[in-house]
Amino acid sequence: MPLTISLPRIQIAPGSPLSIPDISWTDFTSLLEDLGENRHSRLAYYQGLLEIMSPLALHEKPNRLIADIVKAILEAQGRDWEDFGSTTLKRPPIAGVEPDTCFYIQNAALMRPSQNLDLSQCPPPDLAIECDLTSQTVIQAYAAIQVPEVWIYAKDHLKIYLYSDQGYTDSQSSQIFPDLPIITLIPQSIAQGVSHFRRWTAETAIPQQPLG
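> Honestly, the overall build of the protein in this entry has me stumped. Any pointers?
Secondary structure assignment for the protein yields six helices and 11 strands. For the protein, the exposed surface amounts to about 11,100 Å²; the carbon and sulfur share of it is 49%.

Here is the structure:
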């Protein structure tokens, strides 16, 4: 069946997701191929529902800062990690999603030589990060892919979702950084800039051997 959607012709207001029902998995993957990697929009797919998001102009600043904070903490703890950026995560034929950033931590060494992220052969990333997002389609897609931990930053707040066999639950703490106040540290650092995080690290002894 030919692709029936032409995304370049669709006008999407920044910050406003567009939902399109009754999309096949074949159409979704064809659309990803047609659009390529160099684009501003993000796509999420879950059981026939396609959601297209055009991030706000200010979206990239918190996204980069959160990723930098994660890397700085991991380095301070002496932990291995691999940043897979906005690589498309796919669980055919149910779900596909493009995080702003995703990290392999527990399986960093395993994934380092990987050139093609095939979740039928590889574990999902340990952490996925999304900014300025309120979509239920996206969190449902992550649940289908079974990403252990998802952070969603929106409206000056951070939500942490932890995955179990029953799906995602909200948490006040991170499994990856259980001894650190991630849920308050991230919003404060974004509001006050990188100087806040630098002051915090100067005043705080970051645990060298986290749980897990």
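Read on for the rest.
> Looking at this model, I keep getting lost on the sheet that holds strand β11 (residues 167–171). Mind explaining?
Backbone-to-backbone hydrogen bonds join strands into a sheet, with any given pair of strands oriented parallel or antiparallel. The mixed open sheet is built from six strands, whose spatial order is β4-β7-β8-β9-β10-β11. Sheet topology places β4 (82–83) and β11 at the edges, where each strand pairs with a single neighbour. Relative to strand β10 (residues 157–164), strand β9 (residues 149–154) runs antiparallel, the two being bridged by six bridges. Among the inter-strand pairings, E149 is bridged to a residue of β10, identified as L162. Against the sheet, helix α5 (residues 182–192) engages β9, β10 and β11, with an angle of about 145° to β10.

> Explain the sheet that holds strand β5 (residues 89–91) here, please?
Across the sheet, which stays open at both edges, the five strands sit in the order β1-β3-β2-β6-β5 with antiparallel pairing between neighbours. In the strand order of this sheet, the two ends are held by β1 (18–20) and β5, each with one partner. The mean angle between the axes of side-by-side strands here comes to 15°, regardless of whether they run parallel or antiparallel. With five bridges joining them, strand β2 (residues 42–46) and strand β3 (residues 49–53) adopt antiparallel strand pairing. Looking across to β3, one finds that Y45 is bridged to L50. Helix α4 (residues 136–145) rests against β2, β3, β5 and β6 (95–97) of the sheet, and its axis sits at about 115° to β6.

> Please clarify how the pairing of strand β7 (residues 101–104) should be interpreted in this entry.
In regular strands, side chains alternate between the two faces of the sheet. Across the two faces of β7 the burial is the same, with T101 and F103 and C102 and Y104 all buried. Here β7 runs beside strand β8 (residues 127–131); their pairing, made up of three bridges, is antiparallel. Across the sheet, residue F103 finds its bridge partner in β8, namely L127.

About the criteria used
- Residues numbered from 1 in each chain as written.
- Predicted model: local features only at pLDDT ≥ 70, side-chain atom pairs only at ≥ 80, totals over all residues.
- Heavy atoms only, no water.
- Helix = DSSP H or I, 4+ residues; strand = E, 2+ residues; numbered from the N terminus.
- Areas by Shrake-Rupley, 256 points an atom, 1.4 Å probe, with all protein chains shown as cover.
- Pairing = 2+ DSSP bridges.
- Contact = heavy atoms within 4.5 Å.
- Axes fitted to C-alpha atoms, helices over the stretch in contact; angles between N-to-C directions.
- Buried < 20%, exposed > 50% of the residue type's maximum accessible area, 1.4 Å probe, protein only.

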